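What the coordinates show
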Amino acid sequence: MSNQTQAHPAASIREAIDDNVVIFDTTLRDGEQSPGCSMTTPEKIRVAETLEAMRVDVIEAGFPIASEGDFEAVNEISKRIKESVVCGLARAAAGDIDRAAEALKPAARRRIHTFIGTSPLHREFQLQLDKEQVHQRIIDSVSRARRYTDDVEWSGMDASRTEHDYLFRCVETAINCGATTINIPDTVGYAYPEEFADLIRAILNNVPNIDKAVLSVHCHNDLGLATANSILAVKAGARQIECTINGIGERAGNTALEEVVMAFKTRGDLLPFKSRIVSQDIMKASRLVSAITGFKVQPNKAIVGANAFSHESGIHQDGVLKNAATYEIMKPEDVGLIKTSLVMGKHSGRHAFKKKLEELGYVLGDNALNEAFIRFKALADKKKEVFDEDIVALVDDEIAGESQRIRIKDLDIVCGTKRRPHAEIVLEVDGQDHVASADGDGPVDSAFRCVQSIVAHKAELEVFTINAITEGIDAQATVTVRLAEGGKSVVGQAADTDIVVASIKAYVAALNKLLVKRERTAPAALSA
Ligand SMILES: CC(=O)SCCNC(=O)CCNC(=O)[C@H](O)C(C)(C)COP(=O)(O)OP(=O)(O)OC[C@H]1O[C@@H](n2cnc3c(N)ncnc32)[C@H](O)[C@@H]1OP(=O)(O)O
Ligand SMILES: CC(C)C(=O)C(=O)O
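Quantities reported herein were computed from a predicted structural model and do not represent experimental measurements.

1. A look at the UniProt feature "binding site: Mn(2+)" (unreviewed entry) in the protein
Taken from the UniProt record, the annotation "binding site: Mn(2+)" (unreviewed entry) applies to Asp30, His218, His220 and Asn254. Across 225 residues in sequence, these annotated residues keep their C-alpha atoms within 10.2 Å of one another, forming a single compact spot. Assignment of secondary structure puts Asp30 in the loop between strand 1 (22-25) and helix 2 (41-53). Taking the relative accessible area as the measure of exposure, Asp30 reaches 2% and is therefore buried. Setting aside residues no more than four positions away along its own chain, Asp30 makes contact with His218, His220, Gly249, Glu250 and Asn254. The residue Asn254 is located in the loop between strand 8 (240-243) and helix 10 (257-266) in this model. Classification of Asn254 by relative accessible area gives buried; the value is 2%. Ignoring sequence-local partners within four residues, the contact set of Asn254 consists of Thr26, Asp30, His218, Cys219, His220, Ala226, Thr244, Gly247, Ile248 and Gly249.

See below:
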């Protein structure tokens with residue numbers, strides 16, 4: 001067994017620690033334990049590189065004994081990560097520790113994290129070992145891990161439900177055997193913030209050699225208290241938080257990295273603690289982890305949810321436009337968002353509507369604004385969310401007025417599983433009827449081809465979306481079509497219970513607006 005010693009990061013962290021909190025990210029280990037969250041090695045490498053760039057202190061890259069894939073991931077991450085400590089998990093078992101050491105060998109800074117259940121439930125039912133036997137396993141495992149690295153973390157699994165005297169003894173032993181980080185997990189998310197803080201204080205007051213280690217916490221979110229427990233633990237003297245991006249992890253998940261980092265940043269008045277995390281990278285990391293795991297972030301999730309910096313209510317939007325601090329405690333830029341998003345809906349007011357129009361390039365006079373606002377409210381009553389396209393269409397309608405040079409007179413579409421979709425259309429263009437027929441890849445495509453053969457144009461179809469205004473199989477569908485030609489774009493919208501009919505109507509509506517725009521810039525005859 002080789003004895004790989006290295007400059008000990010925990011020691012330097014401890015010296016410089018004061019009010020600095022070590023951020024230990026376990027997205028790739030505990031996070032991956034969320035059912036359905038498994039990641040491949042290349043995906044784990046991408047996450048690890050993102051964590052390193054955001055200056056995570058310790059990256060728990062996996063549990064090398066668990067599988068060949070986990071071993072490979074820890075090993076590959078160890079080869080690539082230079083700035084963060086790379087950590088591998090191991091049970092209190094020689095094979096686990098040796099495997100973790102092997103996987104971590106290439107790491108510039110490596111940590112072995114070994115753990116064992118200390119609570120009566122875990123001792124008696126899972127491990128079927130008594131107190132003395134568990135204690136002996138701590139001696140064996142921490143001593144073995146120290147043969148490979150100076151940076152050893154020991155965790156008492158289910159520490160929050162362990163008899164205090166026994167936990168103090170286990171912690172003291174782990175430190176005597178060379179553990180430099182002592183982690184106190186609330187494995188089942190049972191702890192209550194004040195109680196958990198008391199436990200941390202009790203450890204600091206009752207373990208004689210505790211000054212030789214960094215005290216860490218690892219909280220689960222079963223009662224939604226993981227962040228609160230972690231923060232109160234830090235107030236009580238812990239200086240490492242174990243956490244994950246988006247709070248993913250076993251069952252209800254772990255403490256969310258973004259929550260503790262932003263809590264320290266936002267409430268420095270009460271929480272004078274710092275992390276090294278580049279908070280501007282938070283959204284990037286959140287989106288990456290969500291995309292890789294397929295775990296969507298709930299819209300109202302603190303810090304990284306889609307609504308965390310969005311405002312829909314008129315009064316809030318008005319306040320934010322006048323001074324963002326009225327309804328925002330953090331700056332969106334601080335978590336890597338470009339700006340606050342104004343979500344337009346039925347609760348929005350005139351100020352926000354005007355601002356949105358300006359963002360979309362429209363400056364309307366008071367009357368036009370009022371009229372557009374009334375129509376916007378009517379639409380918002382029918383739709384859950386009014387998108388930018390809806391607003392563009394609404395204002396363009398106003399601009400295009402009654403101009404309808406193209407009208408649909410008849411539409412006949414045949415489609416099914418046995419034949420290629422076919423459409424026949426009669427369009428009235430400037431008072432004259434034109435007939436066209438065409439096959440297409442689908443009913444909408446065949447009808448669009450008919451229209452284009454009558455109204456020749458080179459406009460590009462930039463957007464084609466279908467939304468349901470009402471629910472059920474008789475739902476009214478709104479189709480939005482955006483066409484772009486020579487730097488100008490127009491949006492046509494139409495609603496119908498038949499999606500194909502709504503699509504053709506929207507397409508023709510967009511073409512009518514395009515003709516108005518063409519005439520305004522260079523009056524020309526319609527090529528039909
Ligand atoms: C709280 C936590 O998050 S702990 C980490 C949980 N993560 C995981 O379990 C994911 C990876 N796990 C695995 O791939 C597998 O469970 C392995 C490879 C670790 C073990 O697989 P197996 O050998 O098939 O055992 P299995 O998972 O069925 O049972 C766990 C065994 O480990 C023992 N064990 C559990 N924790 C520890 C520990 N910290 N130290 C020593 N032994 C332990 C159990 O008592 C049980 O032993 P037994 O077989 O003698 O009854
Ligand atoms: C291995 C330990 C730290 C753990 O994940 C837990 O107890 O939840």
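2. Describing the confidence of the model for the protein
The predicted model of the protein averages 89 in pLDDT, with 91% of residues at 70 or higher. In the predicted structure, residues 1-16 sits below a pLDDT of 50 and forms 38 contacts with residues beyond four places in sequence or in another chain. Here residues 523-528 scores under 50 on pLDDT; set against residues more than four positions off or in separate chains, the count is 12 contacts. This prediction of the complex comes with two scores: 0.77 for pTM and 0.97 for ipTM.

3. Details of the pairing of strand 8
Of the two faces of strand 8, the one carrying Gln240 and Glu242 and the one carrying Ile241 and Cys243 are both buried. Inspection of the sheet shows strand 1 paired to strand 8 by 4 bridges, in the parallel sense. Bridged to Ile23 within strand 8 is Ile241. In the classification by handedness, the crossover that spans strand 7 (residues 214-219), the intervening helix 9 (residues 226-236) and the parallel strand 8 is right-handed.

4. Quick word on the packing of aromatic side chains
By the definition in use, this model includes 7 aromatic pairs. Between Phe448 and Phe464 the ring centres are 5.9 Å apart and the planes differ by 90°, which places this aromatic pair in the edge-to-face class. Of this pair, Phe448 sits in helix 16 (residues 443-454) while Phe464 sits in strand 14 (residues 460-468); the two residues are 16 residues apart in sequence, bridging distant segments of the chain. Under the relative-accessibility criterion, Phe464 is labelled partly exposed at 32%. Owing to a relative accessible area of 10%, Phe448 belongs among the buried residues under this scheme. Here the aromatic residues Phe353, Phe373 and Phe376 are joined through ring pairs into a cluster of three or more. Over the face of the ring belonging to Phe71 we find Arg99, whose NZ or CZ atom lies 3.8 Å from the ring centre. In this structure, Arg123 is placed above the aromatic ring of Tyr166, and the distance from its NZ or CZ to the ring centre is 4.8 Å.

5. Some words on the sheet that holds strand 3 (residues 85-91)
Note on sheets: strands pair through backbone hydrogen bonds, and any given pair is parallel or antiparallel. Taken in spatial order, the 8 strands close into a barrel running 1-2-3-4-5-6-7-8, and their pairing is parallel. Going from strand to strand, the sheet's axes swing by 25° on average, the running direction of each strand aside. Across 3 bridges, strand 7 lies against strand 8 in parallel orientation. Bridge pairing links Ser216 to Gln240 in strand 8. Most of the contacts of helix 3 (residues 68-80) go to strand 2 (residues 58-62), to which it runs at about 145°, and overall it touches strand 2 and strand 3. Across the face of the sheet, helix 6 (residues 131-146) comes into contact with strand 4 (110-117) and strand 5 (152-157) while running at roughly 170° to strand 4.

6. A few points about the site of ligand 1
Surveying the vicinity of ligand 1 reveals 13 residues, the closest of which are Gln33, Arg91, Ala92, Phe115 and Gln126. Between ligand 1 and the protein, one listed contact pairs an oxygen atom with a side-chain N or O atom of Arg29 at 3.2 Å. Gln126 places a main-chain nitrogen or oxygen 3.1 Å from an oxygen atom of ligand 1. Out of a free accessible area of 1000 Å², ligand 1 has 53% covered by protein chains. Elements represented by at least two residues in the shell around ligand 1 include exactly strand 4 and helix 5 (120-127). Per-class residue counts for the shell around ligand 1 are 7 nonpolar, 3 polar and 3 charged.

7. Some remarks on the pairing of strand 1
The two faces of strand 1 match: Val22 and Phe24 on one face and Ile23 and Asp25 on the other face are all buried. In the sheet, strand 1 pairs with strand 2 via 2 bridges, with the strands oriented parallel. Along strand 2, the bridge assignment pairs Phe24 with Val58. With respect to chirality, the unit in which strand 1 leads through helix 2 into the neighbouring parallel strand 2 is right-handed.

8. Brief notes about the environment of Ile116
By secondary structure assignment, the location of Ile116 is in strand 4. In this structure the C-alpha to C-alpha distance between Ile116 and Asp150, which are 34 residues apart in sequence, comes to 20 Å. With near-sequence residues (within four places) excluded, Ile116 lies in contact with Ala92, Leu127, Val134, Arg137, Ile138, Trp154, Ser155, Gly156 and Met157.

9. A short note on the site of ligand 2
For ligand 2, the full set of nearby residues is Arg29, Asp30, His113, Phe115, Ser155, Met157, Asn183, Pro185, Thr187, His218 and His220. Measuring from an oxygen atom of ligand 2, one finds a side-chain N or O atom of His220 at 3.0 Å. Protein chains bury 95% of the 260 Å² of accessible surface belonging to ligand 2 in isolation.

10. Section: the environment of Asp130
Among the secondary structure elements, Asp130 is positioned in the loop between helix 5 and helix 6. For Asp130, a relative accessible area of 42% puts it in the partly exposed group. Along the backbone, Asp130 and Val444 are 314 residues apart, and their C-alpha atoms lie at a distance of 72 Å.

11. Side note on helix 6
Taking 1.5 Å per residue as the helical rise, helix 6 with its 16 residues ought to reach 22 Å, and the 23 Å between its terminal C-alpha atoms agrees with that figure. Among the residues making up helix 6, those that are buried are Val134, His135, Ile138, Ser141, Val142, Arg144 and Ala145. Backbone nitrogen of Glu132 and a side-chain oxygen of the N-cap are separated by 3.1 Å at the start of helix 6; the cap is Asp130.

About the cut-offs
Residues numbered from 1 in each chain as written. Chains lettered and ligands numbered in written order. Predicted model: local features only at pLDDT ≥ 70, side-chain atom pairs only at ≥ 80, totals over all residues. Heavy atoms only, no water. UniProt positions renumbered as here; feature names shortened; annotations may be inferred. Helix = DSSP H or I, 4+ residues; strand = E, 2+ residues; numbered from the N terminus. Buried < 20%, exposed > 50% of the residue type's maximum accessible area, 1.4 Å probe, protein only. Contact = heavy atoms within 4.5 Å. pLDDT = per-residue confidence, 0-100. Pairing = 2+ DSSP bridges. Right-handed = clockwise from strand over helix to strand, strands pointing away. Phe/Tyr/Trp six-rings, centres within 6.5 Å; stacked < 30°, edge-to-face > 60°. Lys NZ or Arg CZ within 6 Å of the ring centre and 35° of its normal. Axes fitted to C-alpha atoms, helices over the stretch in contact; angles between N-to-C directions. Near = heavy atom within 4 Å. Polar contact = N/O pair within 3.5 Å; in protein donor to acceptor, adjacent residues only side chain to side chain. Areas by Shrake-Rupley, 256 points an atom, 1.4 Å probe, with all protein chains shown as cover. Nonpolar A, V, L, I, M, F, W, Y, C, P; charged D, E, K, R; others polar. Expected span 1.5 Å × (residues − 1).

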